[in-house]
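Here's the letter readout for the chains.
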Amino acid sequence: MAEAAHLAVWLVGLFGIVVTVCVCVAKMVIHDTVAYDEAFVWRRKLPPELKSKR
């Protein structure tokens, strides 16, 4: 019985980590914008009106 409890605790911890990572990645993807990518990833110069929308 102790082994089953130990396994359950490990599985809850593992799924907790996986869910946390998935939520963080989903948040990052949802809030990602093309303006941010162009300014910081592709190093393009953007007009001021696009920079203020971030």
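The paragraphs below set out a description of the structure included in this document. (Residues numbered from 1 in each chain as written. Predicted model: local features only at pLDDT ≥ 70, side-chain atom pairs only at ≥ 80, totals over all residues. Heavy atoms only, no water.)

## Side note on helix α1 (residues 2-31)
Then step 1. Taking 1.5 Å as the rise per residue, α1 with 30 residues should run 44 Å; its terminal C-alpha atoms sit 44 Å apart, in good agreement.
Then step 2. A small share of α1 lies buried, amounting to 0 of its 30 residues. (Helix = DSSP H or I, 4+ residues; strand = E, 2+ residues; numbered from the N terminus. Expected span 1.5 Å × (residues − 1). Buried < 20%, exposed > 50% of the residue type's maximum accessible area, 1.4 Å probe, protein only.)

## Considering the state of the cysteines
Then step 1. Per the stated rule, a full pass over the model turns up 0 disulfides.
Then step 2. Not engaged in a disulfide, the cysteine C22 finds its nearest cysteine sulfur in C24; these two sulfurs lie 9.4 Å apart. (Disulfide = S-S within 2.5 Å.)

## Comments concerning helix α2 (residues 34-41)
Then step 1. For α2, the complete set of buried residues consists of A35, D37, E38 and A39.
Then step 2. Note on α2: the residue one or two positions beyond its end, R43, has a positive phi of about 55 degrees.

## A few points about a nonpolar patch on the surface
Then step 1. Nonpolar side chains collect at one region of the surface, where L7, L11, L14, F15 and V18 lie side by side and expose about 470 Å² of accessible area between them.
Then step 2. Within the fold, L7 resides in helix α1. (Patch = residues over 30% accessible without salt bridge, like charges linked within 9 Å, V, L, I, M, F, W, Y side chains within 5 Å. Areas by Shrake-Rupley, 256 points an atom, 1.4 Å probe, with all protein chains shown as cover. Salt bridge = Lys/Arg side-chain N within 4 Å of Asp/Glu carboxyl O.)

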